[in-house]
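# What the coordinates show
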Amino acid sequence: MIATRSQRVSIIIIILFHVVGLVGCSLPATDVLFLKLVPWHLLLMTIVIIYNHHQLDGRFFLFALLVFVIGFMAELIGVHTGWLFGNYAYGETLGIQLFRIPLMIGVNWFLLIYSTGVLLQRSRIKNKAIRILTGAIILVLLDILIEPMAIHFDYWHWANSHIPLKNYVCWFGLSALLLFVFDQFKFKLQSIVAPALLIMQFLFFMGLGILN
């Protein structure tokens, strides 16, 4: 599938905003300002992804709502009980919170699951179980990159500054569950825009790790 002009523009927007964000978050003179823009960045990426979804309809928004709610509830259980992920608490960077959980965390789960789902949809992996497990592994690898930077930039913090193995196990399990949900909706083949966002997430957090 050849990218259309609007898809190419969308990919340029994704790359541009991640590169600018990487530089802005890494400079002492601008890092505070750019961290305040993180929720708006996530919203912009969500708009780009929604705009590029082929055959936008009620099924797509139902999927987005399901992922948002399940992701948010998992974080709610995690923060308030420690049963999922471990003992952690959110900082201020992700913006407005409900019951001490940033609303943007549900949005972020949607972006990650949708992007990974589309990536695997476009892959040559035909077996559903292997596709889902591969996607869950990809998202755990991304979380490994995110965790040190999340702590550094006040996304969230762990008790005793220790990231438990339980966190990665739960990330894998929740990712697999949500990718299963994605698979059930059987969306038509989507463009490379969402996978481009996932790739930029990897590059962005790798860059932050190198520069900070």
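Every value quoted in this text rests on a predicted model; they were computed, and no experiment measured them.

On to empty space enclosed by the protein, then. Tallied over the entire structure, the rule returns three cavities of 30 Å³ or more. Of all elements in the fold, only α5 (103–121), α6 (128–152) and α7 (165–185) reach the threshold of two or more residues within the lining of the largest cavity. Residues of the lining of the largest cavity, tallied by class, amount to four nonpolar, two polar and two charged.

Even without glycine at this site, F99 takes up a positive phi of about 55°. With respect to the helices and strands, the residue F99 is situated in the loop between β2 (97–98) and β3 (101–102). Look at F99 and you get exposed, because its relative accessible area is 57%.

The biggest cluster of nonpolar side chains holds 67 residues, and the ones touching the most others in it are F63, F110, I113, Y114 and W156. Aside from chain neighbours lying at most four places away, what touches I113 is F63, V67, L139, S175, L178, L179 and F182.

If you trace the backbone, Q7 turns up in helix α1 (residues 5–26). Under the relative-accessibility criterion, Q7 is labelled buried at 12%. A distance of 2.9 Å separates the side chain of Q7 from the backbone nitrogen of T4, its partner in a polar contact.

With 24 residues, helix α4 (residues 58–81) should reach 34 Å at 1.5 Å per residue; the first-to-last C-alpha distance of 34 Å fits that figure. Buried within α4 we find F60, F63, A64, V67, G71, F72, A74, E75, L76, G78 and V79. Where α4 is buried, its residues touch α3 (38–51), β1 (88–90), β2, β3, α5 and α7. Of the residues flanking the start of α4, the one acting as N-cap is D57, its side-chain oxygen 3.2 Å from the backbone nitrogen of R59.

What follows deals with the packing of aromatic side chains. The geometry of an aromatic ring pair comes down to the distance between the two centres and the angle between the two planes. Applying the stated criterion to the full structure yields 21 aromatic pairs. Ring centres of F63 and F182 lie 5.6 Å apart, and the angle between their planes is 75°; on these two criteria the pair is classed as edge-to-face. With F63 in helix α4 and F182 in helix α7, this residue pair connects regions lying 119 residues apart in the sequence. Ring pairing ties together the aromatic residues F60, F61, F63, F110, Y114, F182, F185 and F187, which thus form one cluster.

This part covers the pattern of salt bridges. Scanning all chains against the criterion turns up two salt bridges. Put simply, D183 and R131 hold a salt bridge, and the shortest N to O gap is 2.8 Å. Linking D183 in helix α7 with R131 in helix α6, this pair joins segments that are 52 residues apart in sequence. A relative accessible area of 12% means that D183 is categorised as buried. Note on R131: relative accessible area 16%, which makes it buried.

Thresholds applied
Residues numbered from 1 in each chain as written. Predicted model: local features only at pLDDT ≥ 70, side-chain atom pairs only at ≥ 80, totals over all residues. Heavy atoms only, no water. 1 Å grid on protein atoms, 1.4 Å probe; cavity = no way out; pocket = protein on both sides within 12 Å on 5 of 7 lines; lining within 4 Å. Points joined across faces, edges and corners; volume = space filled by probe spheres on them. Helix = DSSP H or I, 4+ residues; strand = E, 2+ residues; numbered from the N terminus. Nonpolar A, V, L, I, M, F, W, Y, C, P; charged D, E, K, R; others polar. Buried < 20%, exposed > 50% of the residue type's maximum accessible area, 1.4 Å probe, protein only. Core = buried A, V, L, I, M, F, W, Y, C linked by side-chain atoms within 4.5 Å. Contact = heavy atoms within 4.5 Å. Polar contact = N/O pair within 3.5 Å; in protein donor to acceptor, adjacent residues only side chain to side chain. Expected span 1.5 Å × (residues − 1). Phe/Tyr/Trp six-rings, centres within 6.5 Å; stacked < 30°, edge-to-face > 60°. Salt bridge = Lys/Arg side-chain N within 4 Å of Asp/Glu carboxyl O.

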